[in-house]
Amino acid sequence: MQHDQHDSHQPLVFQEQPEDEMIASATHFYQQMKRRRSVRDFSDRPVSLAVIEQAMLAAGTAPSGANKQPWHFALTTDAEVKTTLRRAAELQEQRFYQRRASQEWLDALAPLGTNAHKPFLEKAPALIGVFMQKTAVSDDGTRSKNYYPMESVGIACGLLIAALHLSGLATLTHTPSPMGFMNSIFKRPKNEKPYLLLVVGYPAENCRLPNISRKSLDAIHSIVGKP
Ligand code: IYR
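Residues numbered from 1 in each chain as written. Predicted model: local features only at pLDDT ≥ 70, side-chain atom pairs only at ≥ 80, totals over all residues. Heavy atoms only, no water.

Caption draft 1: A look at the packing of aromatic side chains. On inspection of all chains with the given rule, the structure shows 3 aromatic pairs. Centroid distance Phe 96 to Tyr 97: 5.0 Å. Interplanar angle 85°. Geometry classified as edge-to-face. Classification of Phe 96 as buried rests on a relative accessible area of 6%. Ring plane angle 85° and centroid distance 4.7 Å describe the contact between Phe 96 and Trp 105, whose orientation is recorded as edge-to-face. What makes Trp 105 partly exposed here is its relative accessible area of 45%. One cation-aromatic arrangement involves Arg 45 over Tyr 202; the distance from NZ or CZ to the ring centre is 3.8 Å. (Phe/Tyr/Trp six-rings, centres within 6.5 Å; stacked < 30°, edge-to-face > 60°. Buried < 20%, exposed > 50% of the residue type's maximum accessible area, 1.4 Å probe, protein only. Lys NZ or Arg CZ within 6 Å of the ring centre and 35° of its normal.)

Take a look at the structure:
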């Protein structure tokens, strides 16, 4: 059966734009996105749940292997849960900075000024535990395989971070390693692997950032073949 004859297929709603508008849209998006910075110093001001929910919906539009949508976003704004997460994360981070990290890794992190101290896990108003489902478990307990879950969840996280940024919130992609402690704290089942801990909120008023730069277009792209 050809795809276009398949009952379950429907026409694409596609809105074409004139080229000048396309360039303006792309430029505008880049101008917005280049202002995104990973923030480690948060205000404790609460954030709107509606904004986070819309950003999660945007994340859920990511393409995924066989459309399995192998992601789960676990949100907490609860002070006790955040304290538990901070304690568990800092324990792992202390082991990382004191023993596990190679000197090369520590040298690479030096410009960021990071260490095992993670006050933002309590100070920031919202933490999103992102989980990846390598296998799906349906309501009746049937297990099925998901495809490209790493790639799928990575793309969803990119959309989540972009949506939160464009809504005026700051984020930090925090990856305490290993992250196994996240399952019990976020009450997630064993088939879900912790993927990242996204810290969400407003930056602190006196928030300072490492002076780092992004690679140029020349450094990140190439063109092959005739133009
Ligand atoms: N997880 C540690 C270390 C760390 C690792 C990388 I790669 C970073 O880009 C930043 C930090 C921490 O959060 O401090």
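So much for the structure itself; the text now carries on.
Caption draft 2: Structural view of the packing of helix H1 (residues 19-33) against helix H6 (residues 149-166). The N-to-C vectors of H1 and H6 enclose an angle of 85°; their axes lie 10 Å apart at closest approach. As the angle between them shows, H1 and H6 are arranged roughly perpendicular. Contact with H1, carried on its side by Phe 29, Gln 32 and Met 33, involves Ala 162, His 165 and Leu 166 of H6 and no other residues of that element. Residues of the contact of H1 with H6, tallied by class, amount to 4 nonpolar, 2 polar and no charged. (Axes fitted to C-alpha atoms, helices over the stretch in contact; angles between N-to-C directions. Helix = DSSP H or I, 4+ residues; strand = E, 2+ residues; numbered from the N terminus. Parallel < 35°, antiparallel > 145°, perpendicular 65-115°, else oblique. Contact = heavy atoms within 4.5 Å. Nonpolar A, V, L, I, M, F, W, Y, C, P; charged D, E, K, R; others polar.)

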